[in-house]
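Close look at the chain arrangement
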Amino acid sequence: MYPATPHGVAPRGAGVPHAPVLPRLRAALRRRWREAQRAAAMNVPAGTVKRGRA
C-alpha cells in the first residue's frame, strides 16, 4: 500500500517519476479551446477540425 500523501502530491519512491500534472492539463485545455475556436470560425462541429498539419 502507498503511504498517505497530501492531495496533489505525487508519491516519491523507487521507480515513481515526478510528473508535473498541471502544465500538461493546462496545455490540453488550451489545445481544446483553440480547436473549438477554429471549429466555430469555420462553422463546423467541434472535433471535426484537424490540429496542426495534415
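Residues numbered from 1 in each chain as written. Predicted model: local features only at pLDDT ≥ 70, side-chain atom pairs only at ≥ 80, totals over all residues. Heavy atoms only, no water.

Focus on the overall build of the protein chain
Of the regular secondary structure elements, the protein chain holds one helix and zero strands. For the protein chain, with 54 residues in total, the buried portion stands at 6%. Accessible surface, the protein chain as shown: approximately 5,300 Å² in total, 60% of it carbon and sulfur. (Helix = DSSP H or I, 4+ residues; strand = E, 2+ residues; numbered from the N terminus. Buried < 20%, exposed > 50% of the residue type's maximum accessible area, 1.4 Å probe, protein only. Areas by Shrake-Rupley, 256 points an atom, 1.4 Å probe, with all protein chains shown as cover.)

A few points about a positive patch on the surface
A contiguous patch of positive charge, built from Arg-26, Arg-30, Arg-31 and Arg-34, is present on the exposed surface. Relative to the helices and strands, Arg-31 is located in helix α1 (residues 21-41). (Patch = residues over 30% accessible without salt bridge, like charges linked within 9 Å, V, L, I, M, F, W, Y side chains within 5 Å. Salt bridge = Lys/Arg side-chain N within 4 Å of Asp/Glu carboxyl O. Lys, Arg positive; Asp, Glu negative; His and termini not counted. Charge placed at Lys NZ, Arg CZ, Asp CG, Glu CD.)

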